[in-house]
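# Results of the structural survey
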Amino acid sequence: LVLRLLAAHRTQVELRSLELAAAKIVVAAAVVREGKLLVQQRSYPMSLAGKWELPGGRVEPGETEVEALVRECHEEMGVVVRPLGRLGPDIPLPGVGLLRTHTAWLDAADVQPRAVEHRAVRWVAAAHLAGLDWVAADRVLVPALVALTEQV
Ligand code: DCP
């Protein structure tokens, strides 16, 4: 019986490490300029369309998180960002992986992000962040985003 329990435990541990290995990282950028945070409104899938999120996306194989963040911001908004460091907790994305946020600096002071894949891009002041209709995972970050936006 002891051996069988040990074997079952080992199978569970192995399954757990497989799960962790499969956990995909989705990176998000928290970009603040002149006291406002950059947010985007999703256009797809239907379940998320109309909701607000931080710019970002999946880290592709062979890419670092920072590289993915720079690529996604360029693809999604036509801007170059410089990631500065992690912000807030990792947030589970059911069926997808983990959402990991980095603060980032917008390289040029005068450049305006545009909505390439999204419905809209907006700069939002700290006081209005809690009132946005956020994607579930990003909503968890609101306290950290408010603190960041107030301080920059
Ligand atoms: N996501 C999120 N919050 C963000 C960014 C993404 O909750 N700020 C979630 C939504 C999706 C998953 O992460 O479930 C992947 O996001 P995207 O579809 O935006 O990422 P990609 O551009 O990498 O994927 P695709 O090529 O499928 O559009």
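Residues numbered from 1 in each chain as written. Predicted model: local features only at pLDDT ≥ 70, side-chain atom pairs only at ≥ 80, totals over all residues. Heavy atoms only, no water.

The subject of this paragraph is the nonpolar core. Ranked by internal contacts, the top residues of the largest apolar core, which has 23 residues, are Leu37, Val39, Leu54, Leu99, Leu129, Trp134 and Leu145. Going through the elements one at a time, strand 1 (24–33), strand 2 (36–41), strand 5 (81–93), helix 3 (126–129) and helix 5 (142–151) are the ones with two or more residues in this core. Setting aside chain neighbours within four positions, we find leucine 37 in contact with Ala30, Val31, Val32, Leu54, Arg122, Trp123, Val124, Leu129, Trp134, Leu145 and Thr149. Of all hydrophobic cores here, the second largest spans 14 residues; its members include Val27, Val31, Cys73 and Leu106. (Core = buried A, V, L, I, M, F, W, Y, C linked by side-chain atoms within 4.5 Å. Buried < 20%, exposed > 50% of the residue type's maximum accessible area, 1.4 Å probe, protein only. Helix = DSSP H or I, 4+ residues; strand = E, 2+ residues; numbered from the N terminus. Contact = heavy atoms within 4.5 Å.)

Attention shifts here to the site of the ligand. Near the ligand you find 15 residues, and of these Arg42, Tyr44, Leu54, Arg58 and Asp138 are the closest. Contact distances for the ligand include 2.7 Å between a nitrogen atom and a side-chain N or O atom of aspartate 138. Spatially, the ligand is embedded in the largest pocket. Contributions of two or more residues to the shell around the ligand are made by strand 4 (56–58) and helix 4 (136–139). For the shell around the ligand, the residue count by class is 8 nonpolar, 2 polar and 5 charged. (Near = heavy atom within 4 Å. Polar contact = N/O pair within 3.5 Å; in protein donor to acceptor, adjacent residues only side chain to side chain. 1 Å grid on protein atoms, 1.4 Å probe; cavity = no way out; pocket = protein on both sides within 12 Å on 5 of 7 lines; lining within 4 Å. Sits in = over half its atoms within 2 Å of the grid points. Nonpolar A, V, L, I, M, F, W, Y, C, P; charged D, E, K, R; others polar.)

What follows deals with the layout of surface pockets. Which parts of space are left empty comes out when a probe the size of a water molecule is rolled across the atoms. If you add up the space inside the largest pocket, you get close to 570 Å³. Taken together, 29 residues form the lining of the largest pocket, with Val26, Arg42, Glu53, Gly57 and Arg58 sitting closest to its centre. Put simply, the parts of the chain that give the lining of the largest pocket at least two residues each are strand 1, strand 4, helix 2 (65–77), strand 5 and helix 4. Looking at the lining of the largest pocket, its residues break down into 18 nonpolar, 3 polar and 8 charged. (Points joined across faces, edges and corners; volume = space filled by probe spheres on them.)

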